[in-house]
Amino acid sequence: GSWYYLNEGYKERKGALEQMKYEIPLPEFQMASQKGLLRKTDLQGGYAVLGKVERFSKDNPVIRESEGLFEEFGSSMKMAMLTYVEEYDSSAINVYLTSITKDTLSRWYFISGSPNFDNIFKEKSKEHLALIDTFGIVRNYYDTNNSTEIAEMAKHMAMFVMPLMRRGDLVFKREYEK
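This text gives an overview of the structure that appears in the document. From a predicted model like this one, the values you see are computed outputs, not experimental measurements. (Residues numbered from 1 in each chain as written. Predicted model: local features only at pLDDT ≥ 70, side-chain atom pairs only at ≥ 80, totals over all residues. Heavy atoms only, no water.)

## Topic: the pairing of strand 8 (residues 137–143)
Right, so step 1: Most of strand 8 is tucked away: 5 of the 7 residues are buried.
Right, so step 2: Of the pairings in the sheet, the one linking strand 1 (residues 24–25) to strand 8 comprises 2 bridges and is antiparallel in character. Bridge pairing in strand 8 places Pro25 opposite Ile137.
Right, so step 3: Judged from the 5 bridges that link them, strand 7 (residues 128–132) and strand 8 form a sheet pairing that is antiparallel. (Buried < 20%, exposed > 50% of the residue type's maximum accessible area, 1.4 Å probe, protein only. Helix = DSSP H or I, 4+ residues; strand = E, 2+ residues; numbered from the N terminus. Pairing = 2+ DSSP bridges.)

## A closer look at the pattern of salt bridges
Right, so step 1: Enumeration over the complete set of coordinates arrives at 6 salt bridges.
Right, so step 2: The salt bridge involving Asp133 is made with Arg139; its shortest N-O contact spans 2.7 Å.
Right, so step 3: Several salt bridges share partner residues, and in doing so they unite Lys52, Glu86 and Asp118 into one network. (Salt bridge = Lys/Arg side-chain N within 4 Å of Asp/Glu carboxyl O.)

## Overview of the sheet that holds strand 8
Right, so step 1: Strand order in the open sheet formed by 8 strands is 1-8-7-4-5-6-2-3, with mixed pairing between adjacent strands. For this open sheet the edge positions go to strand 1 and strand 3 (36–39), each flanked by a neighbour on one side alone.
Right, so step 2: Judged from the 4 bridges that link them, strand 5 (residues 79–87) and strand 6 (residues 108–112) form a sheet pairing that is parallel. Paired with Tyr84 across the strands is Ile111, a residue of strand 6.
Right, so step 3: Each of strand 5 and strand 6 touches helix 3 (residues 90–100); the most contacted strand, strand 6, lies at about 170° to it. (Contact = heavy atoms within 4.5 Å. Axes fitted to C-alpha atoms, helices over the stretch in contact; angles between N-to-C directions.)

## Points about the environment of Phe70
Right, so step 1: As for its position among the elements, Phe70 is in helix 2 (residues 61–73).
Right, so step 2: Judged by relative accessible area, Phe70 falls into the buried class, the value being 7%.
Right, so step 3: Put simply, Phe70 and Thr101 are 31 residues apart on the chain and 9.1 Å apart in space, counted from C-alpha to C-alpha.
Right, so step 4: The residues touching Phe70, leaving out its near neighbours within four places in the chain, are Met81, Ile100, Thr101, Ser106, Arg107 and Trp108.

Next comes the structure, spelled out in structure tokens:
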């Protein structure tokens, strides 16, 4: 009985890993964000989702789908959302982030400057999100206008990010009582 379900879970995770191909490494960067300077090294050890927009609008599909993923996975210090904005409007971004973030530890960065990540999205439309692994490698792209692809992205993130979120977080109640 349980062997069957374990095997099915293994097959599903293996299939998801096979979809995660080596696409392109994230370039080294040091960019301004609403929280100060952000470097590629600040992201190491966790997953990241990168999107790119011309100008900030909460109705943009990249922002809209990023917000859904942020609501699901944003509480993890092992997950960062990156949105590159070509025409950066800090006041609109700050108002938006204040309305959706619950704490100051949230890791959704709106960035601008150089590099502009054109090489990452060169063969994709601007309405794609890129999933970046713990080593800074883009592993897959997801079309924000395709609900099936966004569901796949959420599934991949649940498989790979959630175990990182749980690792080291197990503390028995009696430990707090000491």
